[in-house]
Amino acid sequence: MNKKLKVGLIGLGGICRLCHVPPYLTMDNVEIAAVCDIIPDKVESFKKEFNMNDVASFTDYKELLDFEGLDFIDICTPNYLHSVIAVEALEKGLNVFCEKPDAVSVEEALKMQNAAEKSGKKLMVMRNNRYRETARYLKAYIEDGKMGEIYCGRCGWQRIRGIPGKGGWFTTKAQSGGGPLIDLGVHMIDLAIWLMGNPTPVSVSGCTYTKFADSDLSDSVHSSFGETKEDGIFDVEDLAMGFIRFDNGACLQIEFSWASNVEKENTFVELRGTKSGATFDDCGVKIFTESNGYLENLIPRVKDERNAHGENIKHFVDVLLNDTEPDFVPVQGVNMIKILEAIYKSAETGREVIL
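Scoring rules and cut-offs
- Residues numbered from 1 in each chain as written.
- Predicted model: local features only at pLDDT ≥ 70, side-chain atom pairs only at ≥ 80, totals over all residues.
- Heavy atoms only, no water.
- Helix = DSSP H or I, 4+ residues; strand = E, 2+ residues; numbered from the N terminus.
- Rg over C-alpha atoms; globule rule 2.2 N^0.38 Å.
- Buried < 20%, exposed > 50% of the residue type's maximum accessible area, 1.4 Å probe, protein only.
- Contact = heavy atoms within 4.5 Å.
- Areas by Shrake-Rupley, 256 points an atom, 1.4 Å probe, with all protein chains shown as cover.
- Lys, Arg positive; Asp, Glu negative; His and termini not counted.
- Charge placed at Lys NZ, Arg CZ, Asp CG, Glu CD.
- Pairing = 2+ DSSP bridges.
- Polar contact = N/O pair within 3.5 Å; in protein donor to acceptor, adjacent residues only side chain to side chain.
- Axes fitted to C-alpha atoms, helices over the stretch in contact; angles between N-to-C directions.
- Salt bridge = Lys/Arg side-chain N within 4 Å of Asp/Glu carboxyl O.
- Parallel < 35°, antiparallel > 145°, perpendicular 65-115°, else oblique.

Participant: Explanation requested: the overall build of the chain in the structure shown.
Facilitator: Along the backbone of the chain there are 11 helices and 15 strands. Its C-alpha radius of gyration of 20 Å places the chain within 12% of the 20 Å reference for a compact globule of 355 residues. Projected onto its principal axes, the C-alpha positions of the chain cover 65 × 55 × 35 Å. The proportion of buried residues among the 355 residues of the chain is 55%. Residue pairs at least 24 apart in sequence account for 75% of intrachain contacts in the chain once pairs closer than 6 positions are excluded. Accessible surface, the chain: about 16,700 Å² in total, of which carbon and sulfur atoms supply 47%. In the chain, 39 side chains carry a positive charge and 54 a negative one; their mean positions are 2 Å apart.

Participant: Explain the pairing of strand β12 (residues 277–281) here, please?
Facilitator: Look at any regular strand and the pattern is simple: side chains alternate between the two faces of the sheet. Across the 5 residues that make up β12, a large majority, 4, are buried. Across 5 bridges, the pairing between strand β11 (residues 266–273) and β12 is antiparallel. Pairing of Arg272 across the sheet is with Gly277, part of β12. What sits between the antiparallel neighbours β11 and β12 is a turn of 3 residues. The pairing of β12 with strand β13 (residues 284–291) spans 5 bridges and is antiparallel. Across the sheet, Gly277 pairs through a bridge with Phe288, a residue of β13. The turn linking β12 back onto β13 is made up of 2 residues.

Participant: Teacher, can you tell me more about the environment of Pro22 here?
Facilitator: By the element assignment, Pro22 lies in helix α1 (residues 14–25). Since its relative accessible area comes to 30%, Pro22 is described here as partly exposed. Taking C-alpha positions, Pro22 is 24 Å from Val302, a pair spaced 280 residues apart along the chain. In this structure, Pro22 is in contact with Cys16 and Arg17, ignoring residues within four places of it in sequence.

Participant: Sorry, what's going on with the environment of Tyr131 here?
Facilitator: Within the secondary structure, Tyr131 sits in the loop between β6 (123–125) and α6 (133–143). Measuring from C-alpha to C-alpha, the distance between Tyr131 and Cys283 comes to 16 Å, with 152 residues separating the pair along the chain. Filtering out sequence-adjacent residues up to four positions away, Tyr131 remains in contact with Arg136, Arg306, Ala308, Glu311, Asn312, His315 and Asp327. For Tyr131, the side chain forms a polar contact with the side chain of Asp327, separated by 3.0 Å.

Participant: Please explain the sheet that holds strand β5 (residues 95–98) as it appears in this structure.
Facilitator: Strand pairing in a sheet is mediated by backbone hydrogen bonds. Such pairs are either parallel or antiparallel. Strand order across the open sheet formed by 6 strands is β3-β2-β1-β4-β5-β6, with parallel pairing between neighbours. Of all the strands in the sheet, the pair left with one neighbour each is β3 (56–58) and β6. Going from strand to strand, the sheet's axes swing by 25° on average, the running direction of each strand aside. Direction of pairing for strand β2 (residues 30–36) relative to β3: parallel, over a ladder of 3 bridges. By the bridge assignment for β3, Cys36 is matched with Phe58. On the sheet, helix α4 (residues 82–91) packs against β1 (5–10), β4 (72–75), β5 and β6 and is oriented at approximately 180° with respect to β4.

Participant: What am I meant to see in the pattern of salt bridges here?
Facilitator: A side chain with one charge may pair with a side chain of the opposite charge, provided their charged atoms come close. Inspection of every chain in the model, using the stated rule, returns 20 salt bridges. Two residues, Glu265 and Arg159, come together in a salt bridge whose shortest N-O distance is 3.9 Å. Residue Glu265 is found in the loop between β10 (251–257) and β11, and its partner Arg159 is found in the loop between β7 (150–158) and α7 (173–176); the two are separated by 106 residues along the sequence. Here Lys166 makes a salt bridge to Asp216, at a shortest N to O gap of 3.2 Å. A residue pair is termed long-range when its members are at least 10 positions apart, and Lys166 in the loop between β7 and α7 and Asp216 in the loop between β8 (201–209) and β9 (239–246) qualify at 50 residues. The network of salt bridges with common partners includes Asp102, Arg127, Arg130 and Asp190.

Participant: Please explain the side chain of Glu88 as it appears in this structure.
Facilitator: Residue placement: Glu88 occurs in helix α4. By relative accessible area, which is 19% here, Glu88 ends up buried. Apart from the residues lying within four places of it in its own chain, the contact partners of Glu88 are Tyr61, Lys62 and Leu65.

Participant: Where do I start with the packing of helix α5 (residues 106–119) against helix α11 (residues 330–349) in this structure?
Facilitator: How two helices sit against one another is set out by the angle between their axes and by the gap between those axes. Running from N to C, α5 and α11 cross one another at 175°; their axes reach a closest spacing of 9 Å. Considering their axes alone, α5 and α11 lie roughly antiparallel with respect to each other. Contacts between α5 and α11 involve Val106, Ala109, Leu110 and Gln113 from the former and Pro330, Val331, Val334, Ile337, Lys338 and Glu341 from the latter.

By themselves these figures say nothing about function.
This is the structure we're talking about:
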């Protein structure tokens, strides 16, 4: 009989209910054994929504970590708690899956990495965009050598008006670590670097702006994440732009906004190689290359029909059950937070930051 893993969920907000729970409910090798949220009403509504009246429930994550029989926990709390809870769980011998971002500082990300190495347990942070079918297609295309040397690229996530949970933890730097750079940047920067073969970042420069803190307009479904708080705090950026250099000589331009006067919301990665170039956006993948002395554009017939969040979670479960080689290792998370932290520092000082 195959082993069934028991997971404890910590943080029962929108990202947990919409993106984490549904995949677990389709898996016959995982059981949701315990849930936790600091707001009692959320715990009760969660149990009712998913018909989990018999599941152990807590309002203190420390009590959940002591619940007997758990194999791993899944963290969906505000950003500043990711590293705190992850380290405590790892030290108690639990494997950890966590929503992005990895942490709110390099110091905290390193604590997570060190705790994972010392405990021998698995630590993985959500990188769902790697599991999109279009991303998998492009990764295979690159690994076949069809793009040649990838020497530069651009990536971003632009919104017209899509500030999440205005006044709540999303826009409070002490809890979120920042605005769209840390909220959205993790997604597309990670995807670009992963497609480029995970080169090591060596320096960054960047600018950040806060121009829409007083606007209540919204046109994006993403605004529904988080909980709006009247007269709350808004001390983060709503736009970040930057430039990353890597140890292999490659570079990457970045742009992330919750609110900008642009034509439409758009997520994208553009890569340029010596044999081909490629764009990856909400419309799919396009390849720009040459063949038999002619330039040609290719549009692969591949669509994002899989649940990318679910595929990421399934991979983590496979790692735990079958000792599969993990697609994500903690040092990648440390490098990500190094990039984000340094861009904020560059924006503050007006200078390039060496990593």
